[in-house]
Amino acid sequence: MTKRKVIKLGGSVWEQLDARYFEEWKAWVETGNELLIVHGGGPLLSSYCEQEGIKPVFRNGVRVTTDGVLLGARRILAGEVQSGIVQQLNQAGIPAVGMSGLDGASVHGKTIKGLGAVGQITHIHPRLFTVLSTNGYVPVVTSLVTGEQGVLNSNGDACAIAVAKAWSVDRFELLTDVEGVKVNGDYQSEITSAAIEAAIASGEIYGGMIPKVEAMMQATQHGIPEVVIRSGKNALAAGTRIKEELHECTTTHLSTY
Ligand SMILES: Nc1ncnc2c1ncn2[C@@H]1O[C@H](COP(=O)(O)OP(=O)(O)O)[C@@H](O)[C@H]1O
Ligand SMILES: CC(=O)N[C@@H](CCC(=O)OP(=O)(O)O)C(=O)O
């Protein structure tokens, strides 16, 4: 039976990605499974902003998006980052098609007070993902989304989990620049939702890791069977999974933005 997987590829790790991931993804699609990659590009967008004299501002890992930042997001995420990823996937023998949540109006969002042109995902039309994947292509999606009044910048992790849920995936992975989630000073192979919430409250989980653990909790609550935060630098490392059963998860942090 065909299986579906969504990978969130963090901008923090793309340039240091372990080449073994290309083998893993190639094997996945060549054995008849479907793959969709949602990518970020936060660090490169921050560099762009600094070059433009715009100070990057984040709230709980989500970038406050002024008009100048949004222009940068279109240039950097949908341009430089995406074309680089698509080119490398194609070179590795994985037929990839770059798109954003604007293409086919596939991902919709609405603004949230105080964050500028940030889109909180409201709904997904997954038809284009399916058209591409059933024809052997891997959609490579950047997290610019369709807003009621124009383009919105969505956090890559939040966009990835919304796509994963709407596309009914069997597996959801977040690849980033660390081995997984660190709590009490150590990377955890398994973690409970309660421990995640406590670590957010204490500040041990902070910044860009917050939307990642929130995505992981949402995925588990939604019933996605396999959910993991993995190191993009080492395809052999186990990463962090959520430990408890579905009914034990709590939801208090799921609406940080
Ligand atoms: N408890 C934690 N465990 C691991 N990493 C954490 C934790 N809290 C915050 N982080 C930070 O989260 C970063 C990953 O988030 P981010 O930089 O947004 O990555 P990406 O670009 O992959 O989305 C790590 O590099 C690390 O600095
Ligand atoms: C609203 C918001 O935060 N958007 C993100 C989109 C890119 C992203 O998520 O990149 P990473 O995956 O590398 O963190 C941003 O502007 O940085």
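Residues numbered from 1 in each chain as written. Chains lettered and ligands numbered in written order. Predicted model: local features only at pLDDT ≥ 70, side-chain atom pairs only at ≥ 80, totals over all residues. Heavy atoms only, no water.

On to the nonpolar core. Grouped together as the largest cluster of nonpolar side chains are 72 residues, with contacts concentrated most on Val6, Trp25, Phe172 and Ile205. Counting residues per element, this core draws most heavily on helix α3 (residues 67-91), which supplies nine residues. In contact with Trp25, not counting residues within four places along its chain, are Lys5, Ile7, Leu9, Leu17, Leu35, Ile37, Leu89, Ile94 and Leu175. Grouped together as the second largest cluster of nonpolar side chains are five residues, Val64, Ile112, Leu115 and Val118 included. (Core = buried A, V, L, I, M, F, W, Y, C linked by side-chain atoms within 4.5 Å. Buried < 20%, exposed > 50% of the residue type's maximum accessible area, 1.4 Å probe, protein only. Helix = DSSP H or I, 4+ residues; strand = E, 2+ residues; numbered from the N terminus. Contact = heavy atoms within 4.5 Å.)

Our focus in this paragraph is the site of ligand 1. With respect to spatial proximity, 17 residues lie near ligand 1, and among them Ser12, Thr176, Asp177, Lys182 and Lys212 are the closest. Here Lys212 contributes a side-chain N or O atom positioned 2.5 Å from an oxygen atom of ligand 1. Taken by itself ligand 1 offers 580 Å² of open surface, and the protein chains cover 80% of this. When each cavity is represented as a set of grid points, ligand 1 is found to reside in the largest pocket. Elements with a minimum of two residues in the shell around ligand 1: β10 (171-176), β11 (181-183) and α7 (209-222). Across the shell around ligand 1, the residue classes tally to six nonpolar, six polar and five charged. (Near = heavy atom within 4 Å. Polar contact = N/O pair within 3.5 Å; in protein donor to acceptor, adjacent residues only side chain to side chain. Areas by Shrake-Rupley, 256 points an atom, 1.4 Å probe, with all protein chains shown as cover. 1 Å grid on protein atoms, 1.4 Å probe; cavity = no way out; pocket = protein on both sides within 12 Å on 5 of 7 lines; lining within 4 Å. Sits in = over half its atoms within 2 Å of the grid points. Nonpolar A, V, L, I, M, F, W, Y, C, P; charged D, E, K, R; others polar.)

Attention now goes to the confidence of the model for the chain. Confidence in the prediction of the chain, expressed as mean pLDDT, is 94, and 95% of residues score 70 or more. Confidence drops under a pLDDT of 50 for residues 246-257, and excluding neighbours within four residues, the segment shows 32 contacts in the predicted structure. As a predicted assembly, this complex carries a pTM of 0.94 together with an ipTM value of 0.98. (pLDDT = per-residue confidence, 0-100.)

Turning to the packing of helix α5 (residues 156-166) against α7, a few remarks are in order. Contact geometry of α5 with α7 gives a least axis separation of 9 Å together with a crossing angle of 10°. When the interaxial angle is binned, α5 and α7 end up roughly parallel. Relative to α7, α5 is oriented so that their crossing is right-handed. The residues of α7 that touch α5, namely those facing Asp157, Ile161 and Lys165, are Pro211, Lys212, Ala215, Gln218, Ala219 and His222. Grouping the amino acids of the contact of α5 with α7 by side-chain chemistry returns four nonpolar, two polar and three charged. (Axes fitted to C-alpha atoms, helices over the stretch in contact; angles between N-to-C directions. Parallel < 35°, antiparallel > 145°, perpendicular 65-115°, else oblique. Left-handed = near helix turned anticlockwise from the far one by under 90°.)

Turning our eyes to something else, we now look at helix α4 (residues 127-134). When we look at burial in α4, the residues that qualify are Phe129, Leu132 and Ser133. Projected down its long axis, α4 shows its buried positions confined to an angular sector of 90°, all on one face. Residues of α4 that are exposed and point over 90 degrees away from its buried face: Arg127 and Thr134. Those residues of α4 that are buried lie in contact with β2 (34-39), β5 (96-101), β6 (107-111), β7 (119-124), β8 (138-146) and α5. Positioned one or two residues after α4, Gly136 has a phi angle of 90°, which is positive. (Arc of directions from axis to C-beta.)

This brings us to the state of the cysteines. Applying the stated rule across the entire model yields zero disulfides. Of all cysteine sulfurs in the structure, the one in Cys159 sits closest to Cys49, which takes part in no disulfide; the separation is 19 Å. Classification of Cys49 as buried rests on a relative accessible area of 1%. (Disulfide = S-S within 2.5 Å.)

A separate point is the environment of Ile85. Within the secondary structure, Ile85 is located in helix α3. Ile85 gets classed as buried once you look at its relative accessible area, which sits at 1%. Put simply, Ile85 and Val178 are 93 residues apart on the chain and 20 Å apart in space, counted from C-alpha to C-alpha. In this view, Ile85 contacts Leu9, Trp14, His39 and Val140; residues no more than four positions away in its chain are not counted.

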